[in-house]
Amino acid sequence: MDEKRDVVILGAGAAGMMAAIAAGRRGRDVLVLDHAAAPGEKIRISGGGRCNFTNLGTGPQNFLSANPHFAKSALARYTPRDFLALIERHGIAWHEKTLGQLFCDGTSRDVVSMLTREMADAGATLRLSTPVEAVEGSATGFRLRTGSGAIDTAALIVATGGKSIPKMGATGFAYQLAARFGLPVVETRPGLVPLTLDPLDKARLADLSGVSVEAEARLGKAAFREALLVTHRGFSGPAILQISSYWREGQSITLALRPDLDIAALLRDARRETPRLAPQTVLARHLPKRLAQLFAEEAGLAGRMLADLSDRAIADLAGRIAGWTITPAGSEGYRTAEVTLGGVDTTALDSRTLAAKAVPGLYFVGECVDVTGWLGGYNFQWAWASGHAAGQAA
């Protein structure tokens, strides 16, 4: 059975639901379609089930894009405070963690329920388990074909996300649709993803699996100071996930472990006060024991006492800890990536409305656009802001 709508939104994720709310509040007849059986599945699993729904420090500097200025307009017109006001209006308890990250006190399902209620209140219709088989241009906008019939619409908002976490239903549908209508797509790759090591390095560090330590990960001008986790395949933890978005194959990453400490000074003091101690014993006061052992061994100091070490030897050991260089072999890929880097080229989109410049009535929002945030609530804020911008215009 054919039907006609003012606005059709593809994708019932964060950006799609926000677009539906904004468009519905303007009196538009809105239909949201999703192939999944439930809305907001990535919201549901986010933040360890508590949804890191925004970051108070959100700004254009927290995003990667071929055009670093593109996100400014949408982010300025729908801010973290705006979304927080929505959260509070629904009585959802929240708390702030480090670095401006806001989480639900309860579960992520509270945010999904809030958004579905807001959509219903705005008059938007949500239709799940409805794959879109084809999208074509028409004289009045677009014609979509689904298993239950055709849908005509003047405005089409694409909010189908990227390729990350395919087990949650992620596909490259948005990029295929962009190409179908002649829009360029910036090369996509996994972002906010654990990094892997080659077999030799993996074997060398096998005993460190499960070790976690505060570190600063550096690559070029990018630097992130958060927790580092050694895994059985390589490296993970927030510091690695953050730097992974900047990393390319063949590049090395520098890790400064416990960057808050002057390791050399600590070793010199210990040499003066307890000269018969082994250097790894002192290091183990500040680093996980297995890491302390590794650095002592790789510096050729196994079996030696602090009294045996010259200032140069201490400086060398401290330098290894402050400048541990790793060269990842690859990443865990889209399977575990939290986001997709790249996407629909922003040169083809209007920064105020997220509309395709060359295709009237077509909009792309959220993760499928070449705007990718850091870890810590920034990608959700881009979803809210970009969805709101398109919903205000469609």
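About the thresholds
- Residues numbered from 1 in each chain as written.
- Predicted model: local features only at pLDDT ≥ 70, side-chain atom pairs only at ≥ 80, totals over all residues.
- Heavy atoms only, no water.
- Pairing = 2+ DSSP bridges.
- Helix = DSSP H or I, 4+ residues; strand = E, 2+ residues; numbered from the N terminus.
- Phe/Tyr/Trp six-rings, centres within 6.5 Å; stacked < 30°, edge-to-face > 60°.
- Buried < 20%, exposed > 50% of the residue type's maximum accessible area, 1.4 Å probe, protein only.
- Lys NZ or Arg CZ within 6 Å of the ring centre and 35° of its normal.
- Expected span 1.5 Å × (residues − 1).
- Arc of directions from axis to C-beta.
- Contact = heavy atoms within 4.5 Å.
- Axes fitted to C-alpha atoms, helices over the stretch in contact; angles between N-to-C directions.
- Parallel < 35°, antiparallel > 145°, perpendicular 65-115°, else oblique.
- Left-handed = near helix turned anticlockwise from the far one by under 90°.
- Nonpolar A, V, L, I, M, F, W, Y, C, P; charged D, E, K, R; others polar.

### Some points on the pairing of strand β9 (residues 141–146)
Here's step 1: Examined bridge by bridge, strand β8 (residues 132–138) and β9 share six bridges and lie antiparallel to one another. Note on β9: the bridge partner recorded for alanine 134 is arginine 145.
Here's step 2: Once β8 ends, the chain turns through two residues before running back antiparallel as β9.
Here's step 3: Of the strand pairs in this sheet, β9 and strand β10 (residues 149–158) are connected by five bridges, and their pairing is antiparallel.

### Regarding the packing of aromatic side chains
Here's step 1: Taken as a whole, this structure holds eleven aromatic pairs when the rule is applied.
Here's step 2: Between the aromatic rings of phenylalanine 295 and tryptophan 324, the centroid separation amounts to 5.3 Å while the plane-to-plane angle is 75°, which identifies the pairing as edge-to-face. One end of the pair, phenylalanine 295, is in helix α11 (residues 289–298); the other, tryptophan 324, is in strand β17 (residues 324–326), with 29 residues separating them in the sequence. Across the pair, exposure class does not vary: phenylalanine 295 and tryptophan 324 are buried alike.
Here's step 3: Cation over ring: lysine 97 sits above phenylalanine 103, and NZ or CZ is 4.5 Å from the ring centre.

### Some words on helix α12 (residues 311–322)
Here's step 1: When the terminal C-alpha atoms of α12 are compared, their 16 Å separation across twelve residues agrees well with the 16 Å that a helix rising 1.5 Å per residue should span.
Here's step 2: Every buried residue of α12 is accounted for by Ile314, Leu317, Ala318 and Ile321. Along the axis of α12, the buried positions cluster into a sector of 95°, meaning they face one direction only.
Here's step 3: The inward-facing, buried residues of α12 abut β16 (253–257), α9 (263–273), α10 (279–283), α11 and β17.

### Points about the packing of α9 against α12
Here's step 1: The N-to-C vectors of α9 and α12 enclose an angle of 140°; their axes lie 8 Å apart at closest approach. Here α9 lies oblique to α12, going by the angle between them. Considering the relative orientation of α9 and α12, their crossing is right-handed. Across from Ile263, Ala264, Leu267, Arg268 and Arg271 in α9, the residues of α12 making contact are Asp311, Ile314, Leu317, Ala318 and Ile321.
Here's step 2: Taken together, the residues of the contact of α9 with α12 sort by class into seven nonpolar, no polar and three charged.

### Side note on the sheet that holds strand β15 (residues 234–236)
Here's step 1: What the seven strands build is an open sheet, ordered β17-β16-β13-β14-β15-β12-β18; its pairing is antiparallel. At either margin of the open sheet sits one strand with a lone partner, and together these are β17 and β18 (330–331).
Here's step 2: Note: strand β13 (residues 212–219) against β16, four bridges, orientation antiparallel. Pairing of glutamate 216 across the sheet is with alanine 256, part of β16.
Here's step 3: The sheet contacts of α11 involve β13, β16 and β17, and relative to β17 the element is tilted by about 90°.
Here's step 4: Against the sheet, α12 engages β13, β16 and β17, with an angle of about 115° to β16.

### Here's the deal with the packing of helix α4 (residues 80–89) against helix α5 (residues 109–121)
Here's step 1: Running from N to C, α4 and α5 cross one another at 90°; their axes reach a closest spacing of 10 Å. As summarised for this structure, α4 and α5 are arranged roughly perpendicular, according to the angle between their axes. Each of Phe83, Leu86, Ile87 and Arg89 in α4 lies in contact with α5, whose residues at this interface are Val111, Met114, Leu115 and Glu118.

### Describing unusual backbone geometry
Here's step 1: With a phi angle near 60°, leucine 99 is a residue other than glycine that sits in the positive phi range.
Here's step 2: Its place among the elements puts leucine 99 in the loop between β5 (94–96) and β6 (101–104).
Here's step 3: The class for leucine 99 is exposed, based on a relative accessible area of 56%.
Here's step 4: Its identity as a non-glycine residue notwithstanding, serine 129 has a phi of 50°, on the positive side.
Here's step 5: Among the structural elements, serine 129 can be located in the loop between β7 (125–127) and β8.

So yeah, pure geometry; function would need other evidence.
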